[in-house]
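Chain residues, written in single-letter form:
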Amino acid sequence: QNGTELQEVGGGSGFIVSSDGFIVTNKHVVSDTEAQYTVFTNDGKKHEAKVVGRDPVLDLAVIKIDGNEFTSLSFGDSDKVQVGQTAIAIGNALGEFRNTVSTGVVSGLARSITANDGMGGMENLDQLIQTDASINSGNSGGPLLNLSGEVIGVNVAVASNANGIGFALSANSVKNVVESVKKNGRIIRPYLGVRYTPINQALQKQNNLSVDYGVLVTPGATANDLPVIPGSPADKAGIQPNDIILEINGKKIDESASLQSLVSNKNVGDKITLKILSKGSEKTITAILEEAK
C-alpha cells in the first residue's frame, strides 16, 4: 500500500496433493499476476507460494510451497459419486474462518453453470458436482470430500440467489491437471480447434436441424473467431464450418457430456474418433489432439 508495506487483500482455500508441496486451488483465487501469495497450513505455519500454472479451461490453478514432508490428500473417482451420498467441504470460509468444515449431500451431477469471478469475468463450467454442504466466499479452491477422506471435487462456486446450492469441479477433471504439472512443470491442455454452439431442442427447431444433440461448428463473436482454427487438429481432420459433431469415441455429446469435457479428459497426442454430420451425411473421422497454445 503506497509502496510501503504489503497488505492482505483476499483469501481462498486449497489443499496439498503431494508431499513436496503442490497445492490445488481455484484460478480466480490466484488470478492477480502481480500479487504475492502466502499459504497458511493448518499447523499454523506460513509459506511463500509460487503459482505454477493457471488452467485455461477450468477455474483451476496449481501452486507450490517448499518442503518435502507435507501430508497430502488423494483423489477419489468422481465418476462413482452418487446423488444423496454425504459430502464434506473444508475451507477458509469468508476468508476469515480457516479450516471451516461443513457437511451435506451430493445434490446433483454433471451440472453446467456460467460463473462470475467477482472481478467482471465470466466463465462457463460444466461437469460440476452440486452439493448443499455450506460453501461460502473464501471456500473457493477447497476440497469436497467423501466419507473416506478422498477428494471428489474442488469447491468453485455458489448460487448467489439461493441457499444450499454450491458447486465443485469433479475430481476426475482435476487429476489430469495435477499430473501435467508434476510431469511437465506446467499445465498442458489438449485441444481440438473448433468454435461451436451446443445443440438442444430449441436450436434444432429454430434451424430445422435433424438432431437435437451434438455441437454445431460456428464462428465466434468477431470476424477473427473462425469456426475451425487453421492448422488445428480439427482442420487437419477435415472438419468444416456448419458440420455437426455428434460423438467422440462413441460418447454422445449432450448436456451430460460436453465437447469440452470429453476433450479435456484426454491427453496431448491421443487419437480420437469423431462421428460428424456433414452436409446431411454421417461420417466417422479421426483427429490427433495437440497442445493448446
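Before any of the text, the structure's been laid out above.
Residues numbered from 1 in each chain as written. Predicted model: local features only at pLDDT ≥ 70, side-chain atom pairs only at ≥ 80, totals over all residues. Heavy atoms only, no water.

Draft legend 1. The overall build of the protein, seen in detail. When helices and strands are counted, the protein shows four helices and 19 strands. The C-alpha radius of gyration of the protein comes to 20 Å, within 12% of the 19 Å expected for a compact globule of 293 residues. Dimensions along the principal axes, computed over C-alpha positions, put the protein at roughly 65 × 40 × 35 Å. When the 293 residues of the protein are sorted by exposure, 43% land in the buried category. Counted over contacts in the protein with a minimum sequence separation of 6, partners at least 24 positions apart contribute 58%. In the structure as shown, the protein presents an accessible area of about 15600 Å², 45% of it carried by carbon and sulfur atoms. Here the protein contributes 25 positively and 31 negatively charged side chains, and the mean placements of these two sets differ by 6 Å. (Helix = DSSP H or I, 4+ residues; strand = E, 2+ residues; numbered from the N terminus. Rg over C-alpha atoms; globule rule 2.2 N^0.38 Å. Buried < 20%, exposed > 50% of the residue type's maximum accessible area, 1.4 Å probe, protein only. Contact = heavy atoms within 4.5 Å. Areas by Shrake-Rupley, 256 points an atom, 1.4 Å probe, with all protein chains shown as cover. Lys, Arg positive; Asp, Glu negative; His and termini not counted. Charge placed at Lys NZ, Arg CZ, Asp CG, Glu CD.)

Draft legend 2. Representation of the nonpolar core. Val24, Leu60 and Leu169 are the most contacted members of the largest nonpolar core, which totals 24 residues. Every element with two or more residues in this core is listed here: strand S2 (22-25), strand S7 (97-116), strand S8 (122-131), strand S10 (151-158), strand S11 (166-170) and helix H1 (171-184). Not counting residues up to four positions away in its chain, the partners in contact with Leu169 are Asn26, Leu58, Asp59, Leu60, Leu125, Leu128, Ile152, Gly153, Val154, Val156 and Val174. If you look at the next biggest cluster of nonpolar residues, it comprises 21 residues, including Ala237, Ile248, Leu274 and Ala287. (Core = buried A, V, L, I, M, F, W, Y, C linked by side-chain atoms within 4.5 Å.)

Draft legend 3. Fine view of the layout of surface pockets. In this structure, the second largest pocket encloses a volume near 1200 Å³. Lining the second largest pocket are 41 residues, and of these Asp126, Tyr196, Ser258, Leu259 and Gln260 sit closest to its centre. Of all the elements in the fold, those that place two or more residues in the lining of the second largest pocket are S7, S8, strand S12 (190-191), strand S13 (196-198) and helix H4 (259-264). It is S8 that provides the largest number of residues to the lining of the second largest pocket, a total of five residues. Residue composition of the lining of the second largest pocket, by class: 19 nonpolar, 14 polar and eight charged. (1 Å grid on protein atoms, 1.4 Å probe; cavity = no way out; pocket = protein on both sides within 12 Å on 5 of 7 lines; lining within 4 Å. Points joined across faces, edges and corners; volume = space filled by probe spheres on them. Nonpolar A, V, L, I, M, F, W, Y, C, P; charged D, E, K, R; others polar.)

Draft legend 4. Focus on unusual backbone geometry. With a phi close to 50°, Asn249 is a non-glycine residue in the positive phi region. With respect to the helices and strands, the residue Asn249 is situated in the loop between strand S15 (244-248) and strand S16 (251-252). The exposure class of Asn249 is partly exposed, given its relative accessible area of 39%. The backbone phi angle of Lys279 is positive, close to 55°, even though this residue is not glycine.

Draft legend 5. Quick peek at H1. Spanning 14 residues, H1 covers 20 Å between terminal C-alpha atoms, matching the ideal 20 Å at 1.5 Å per step. All of the buried residues along H1 are Ala171, Asn172, Ser173, Val174, Val177, Val178, Ser180 and Val181. Of the surrounding secondary structure, the elements contacted by the buried residues of H1 are S2, strand S4 (46-54), strand S5 (61-64), S10 and S11. In the stretch just after H1, Gly185 is the one whose phi turns positive, near 80°. (Expected span 1.5 Å × (residues − 1).)

Draft legend 6. Expanded view of the pattern of salt bridges. All chains considered together, the criterion is met by five salt bridges. Residues Asp55 and Arg189 are paired through a salt bridge, measuring 2.8 Å at the closest nitrogen-oxygen approach. You can see Asp55 sitting in the loop between S4 and S5 and its partner Arg189 sitting in the loop between H1 and S12, a full 134 residues away along the chain. Note that Glu291 and Arg186 form a salt bridge whose closest N and O atoms lie 2.7 Å from each other. Placement of the pair is Glu291 in strand S19 (residues 290-291) and Arg186 in the loop between H1 and S12, with a sequence separation of 105 residues. (Salt bridge = Lys/Arg side-chain N within 4 Å of Asp/Glu carboxyl O.)

These values are about where atoms sit, not about what they do.
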